[in-house]
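These are the residues of each chain, in order.
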Amino acid sequence: MPQTQTAYVVVAFVALIVVIWILAPVFMTPRNLLNISKNFSFIALMSLGETLVIISGGIDLSVGSVCALSAVVTMMSMRFFAGTPAAQVPGATIALAALLGLALAALIGLVNGLFVARIRLSPFVTTLGMLSVTRGMTYVLTQGRAQYPVGPDVAAFTRFANGAVFGMPTQLVYLLVLAVLMALALRHLVWGRHLYAVGGNAQAAALTGVRVPRVVVSVYVLSGLAAGFSGVLIAGWLGAAPANLATGYELRVIAAAVIGGANLAGGTGGAAGAVLGAALIEVIRNGFVLIGANTYWEEVFVGIIIIIAVLVDQLRTRRIF
Amino acid sequence: MSLLELRGIRMEYGAIRALAEVDFAVAPGEIVGLIGDNGAGKSTLVKIIAGNFPPTHGTMHFDGHEVRFRGPQDARNAGIEVVYQDLALCDNLSGAANVFLGRELRRQVAGLSIMDHTAMTHRAAQLFAELKSETRPEPLVRTLSGGQRQAVAIARTRLAAAKLVLLDEPTASISVRQVAEVLDLMRRMRDHGQSVIFISHAMPHIFAVADRITVLRRGRKVADKPMGTTSPEEVTALITGAVERA
């Protein structure tokens, strides 16, 4: 029997791929795999940040909105910087614009984190409020109109956000690099150890001298950054940042984290799980389309997978398996 | 020469007097049983020693110096550790991780400070061996028995080189066999020169292991006797007030 939930997800993932492959051989074509890997990267990236928050025992519902705000702010800043001397330097307008977008995303994460860690507001309520505030800001800033990349660096932006490195889509490369870094940090940095301790027993962690608020704030900032980065990438992929970008993504992001083994009670989860969870959801979505099944069933199926994932985890920790 | 010496400790919460003129001392390598009914002032005394709050009145000497703790960290720095009843362990981490929580051993790799897993596992195994406990460093604390969990918590205090350890109800809610294990852990601590304050309701456990017993009743110390000079019957009478003082 597999020892971790992530191992179960790997088994389920492989089984699912085999089934879909048999039913729809087109699944295994390079073109379809490329399509899947792009689609799932955005969710998986956000899921990495979400997993950190969930390990700490919290939840971040604001990721979809932060994703959108960061995307539109990046696009609007790109337009702004195109009219400044920065336009003379190749790549400078998008670099500055993306930095602004990411800084704003980190700032929102910081506010979330401070409310949760210092004022002890519930993470659910804090980030639910922030979901609305951030989405509202996105509409206020754009007046509901989509924002487009403009200026001298549009081509560079597209290469960065939606290009290829050694035949791999850049989105997937960023995801894999960040996932590996996260896995290493969780395993080898004192910060990672303290994060699991905070999620396992925050009181005990505090008693041993772990700076709990600092750890908690850090994960909300990282979650904001991950969502913001994902937003910038989505804008590059779509060639636009609509104000309703990533609406409702928070649920898919949380679902991916949970399927991947993050326990909402805190204290467990990891980078591999987040990536696998997101991949599993995307493969199901893709498979439904390819097989020609009624795609309305897709959501039902994803929901069942979420419940099964949590159920298996429960049974496993009760040592029934 | 006492390791810890409290003189004339009084603690008032507004009009309520939780402790009145309590003198209390612990010698190096001594196990002192602290017993009393609920509300007798045990937790208040423990919290004063652990630095959670200062007494309203009275002095405290530790290791030859007068001390005034401004917080638990002060007490810990001085060499006083508390093992709480609920143990304050992280179930989702290994025994070794819990022993080293907040004091992780690190090594430098490419200028980056990362945890030294091997050294921590090794040292934790050593600490468990010193305590003659069968606890292994790698399994998650969630999977350990009550006695093994106590061993993890106590190993933490040994790692900190604590001179005085306060054990709050360490034998409550564990099985008979594990109680024996925990009492043995205390003897090991004494062998290593650590002083122990053993707070408990369980008289047989105190009689099995303590060198001396201090009885509190309604915020006053009503007895402080070497183990050989008293009996469970006398202590019961002191706790309930059937006997005023001994």
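Below is a summary of the structure that appears in this document. (Residues numbered from 1 in each chain as written. Chains lettered and ligands numbered in written order. Predicted model: local features only at pLDDT ≥ 70, side-chain atom pairs only at ≥ 80, totals over all residues. Heavy atoms only, no water.)

### Side note on the overall build of chain A
Applied cut-off: Here a helix means four or more residues in a row that DSSP labels H or I, a strand means two or more in a row labelled E, and each is numbered from the N terminus. Here the globule rule is a power law, 2.2 Å times the number of residues to the power 0.38, and the radius of gyration is based on C-alpha atoms. Here, two residues are considered to be in contact whenever any of their heavy atoms come within 4.5 Å of each other. Accessible surface is estimated by sampling points in the Shrake-Rupley manner with a 1.4 Å probe; for residues, cover comes only from the protein chains shown. The positive count covers Lys and Arg only, the negative count covers Asp and Glu only, and His and the chain ends enter neither. Where a charge lies is defined by one atom per residue type, namely NZ (Lys), CZ (Arg), CG (Asp) and CD (Glu).
A tally of helices and strands in chain A yields 13 helices and two strands. Scaling as 2.2 N^0.38, a compact globule of 321 residues should have a C-alpha radius of gyration of about 20 Å, and chain A matches this with 20 Å. Its C-alpha atoms put chain A at 65 × 55 × 35 Å along the principal axes. Contacts in chain A between residues far apart in sequence, at least 24 positions, make up 76% of those at least 6 positions apart. When the accessible area of chain A is evaluated, it comes to approximately 14,200 Å², of which 71% is carbon and sulfur surface. The positive charge centre, built from 17 side chains, and the negative charge centre, built from 8, are 9 Å apart in chain A.

### Considering the interface of chain A and chain B
What counts is decided by this rule: Two parts placed together each lose some accessible area under a 1.4 Å probe, and the buried area is that loss summed for both. By definition, a salt bridge exists where a carboxyl oxygen of Asp or Glu is found within 4 Å of a side-chain nitrogen of Lys or Arg. Three classes are used: nonpolar for Ala, Val, Leu, Ile, Met, Phe, Trp, Tyr, Cys and Pro, charged for Asp, Glu, Lys and Arg, and polar for all others, with Gly counted as polar.
Contact residues are listed per partner, giving 18 residues for chain A and 20 residues for chain B. When chain A packs against chain B, close to 1,700 Å² is buried across both sides, 62% of that on carbon and sulfur atoms. In this assembly, chain A and chain B are joined by zero salt bridges. Listing elements by their share of the side of chain A that touches chain B, those giving two or more residues are α7 (170-188), α8 (190-200) and α9 (202-207) of chain A. A per-element tally of the side of chain A that touches chain B places α8(A) first, with six residues. Partitioning the side of chain A that touches chain B into residue classes produces eight nonpolar, seven polar and three charged.

### A few points about the pattern of salt bridges
Condition: With a 1.4 Å probe rolled over the protein chains alone, any residue whose accessible area is under 20% of its type maximum counts as buried; one over 50% counts as exposed, and the rest are partly exposed.
Summed over all chains, the structure comprises 19 salt bridges over all chains. A salt bridge links R149(B) to D91(B); its shortest N-O distance comes to 3.0 Å. Pair noted here: R149(B) is in helix α5 (residues 146-159) and D91(B) is in the loop between β6 (80-83) and α3 (95-99), with a separation of 58 residues, a long-range link. According to the relative accessible area criterion, R149(B) is buried, its value standing at 18%. With a closest N to O distance of 2.9 Å, D224(B) and K221(B) form a salt bridge. Residues participating in the shared-partner salt-bridge network are R252(A), E282(A), R285(A) and E298(A).

### Overview of the pairing of strand β8 (residues 112-115) of chain B
All names here are of chain B. What counts, and what does not: A pair of strands is treated as paired once DSSP finds two or more bridges between them.
Examined bridge by bridge, strand β7 (residues 106-109) and β8 share four bridges and lie antiparallel to one another. What sits directly across from R106, in β8, is M115. In sequence, β7 turns back onto β8 through a hairpin of two residues, with A110 there showing a positive phi of about 50 degrees.

### Some points on the sheet that holds strand β2 (residues 16-26) of chain B
Residues and elements named next belong to chain B. If you walk across this open sheet you meet the four strands as β2-β1-β4-β5, and the pairing is antiparallel. Looking at strand neighbours, the two that pair on one side only are β2 and β5 (65-66), the edges of this open sheet. With five bridges connecting them, strand β1 (residues 4-13) and strand β4 (residues 57-62) associate as antiparallel partners. Bridging across to β4, L4 finds its partner in F62.

### A closer look at the nonpolar core
Stated precisely, the cut-off is as follows: Remark: nonpolar core denotes a set of buried residues (Ala, Val, Leu, Ile, Met, Phe, Trp, Tyr, Cys) joined through side-chain atoms within 4.5 Å.
One finds F40(A), L48(A), F157(A), L175(A) and L280(A) to be the most contacted residues of the largest nonpolar core, which totals 91 residues. In terms of residue count, helix α10 (residues 212-238) of chain A provides more of this core than any other element does, 13 residues in total. Here L48(A) is in contact with L175(A), L178(A), A179(A), M182(A), A271(A), A274(A) and V275(A), once residues within four sequence places are set aside. Formed by 44 residues, the second largest nonpolar core is a distinct cluster that contains L131(B), L183(B), V222(B) and M227(B).

### Quick notes on a nonpolar patch on the surface
Residues and elements named next belong to chain A. We count it as follows: Patch members must show over 30% relative accessible area and no salt bridge, and they are joined within 9 Å when carrying like charges or within 5 Å when they are nonpolar side chains of Val, Leu, Ile, Met, Phe, Trp or Tyr.
Together, V10, V14, V18, V19, I22, L23 and I291 give the surface a local cluster of nonpolar side chains, amounting to about 590 Å² of exposed area. Here the nonpolar patch takes six residues from helix α1 (residues 5-23), the largest share from any one element. Judged by its relative accessible area of 45%, V19 falls in the partly exposed class.

### Examining the sheet that holds strand β12 (residues 220-226) of chain B
Residue and element names in this part refer to chain B. Test applied: To obtain each axis, a line is fitted to C-alpha atoms, and for helices this fit is confined to the stretch in contact; angles are then taken between N-to-C directions over 0 to 180 degrees.
Spatial ordering of the open sheet is given by β6-β9-β10-β3-β11-β12, a layout of six strands whose pairing is mixed. Only two strands of the sheet have a single partner each, and these edge strands are β6 and β12. Across the sheet, the mean angle from the axis of one strand to that of its neighbour is 20 degrees, orientation sign disregarded. Pairing geometry for strand β3 (residues 31-36) and strand β11 (residues 212-217), over five bridges, is parallel. Note on β11: the bridge partner recorded for V32 is R212. In the packing of helix α1 (residues 42-49) onto the sheet, contacts are made with β3, β6, β9 (164-168), β10 (195-199) and β11, and the angle to β3 comes to roughly 140 degrees. This element, helix α6 (residues 176-191), spans β3, β9 and β10 of the sheet and lies at about 150 degrees to β10.

### Regarding the pairing of β2(B)
Residue and element names in this part refer to chain B. Sheet topology note: the β1/β2 ladder contains seven bridges and is antiparallel. Looking at the pairing, E12 lines up with R17 of β2. In sequence, β1 turns back onto β2 through a hairpin of two residues, with G14 there showing a positive phi of about 60 degrees.

### Some thoughts on the environment of G136(A)
Residues and elements named next belong to chain A. Note that G136 resides in helix α5 (residues 123-142). What makes G136 partly exposed here is its relative accessible area of 30%. For the pair formed by G136 and R187, sequence separation is 51 residues and the distance between their alpha carbons is 38 Å.

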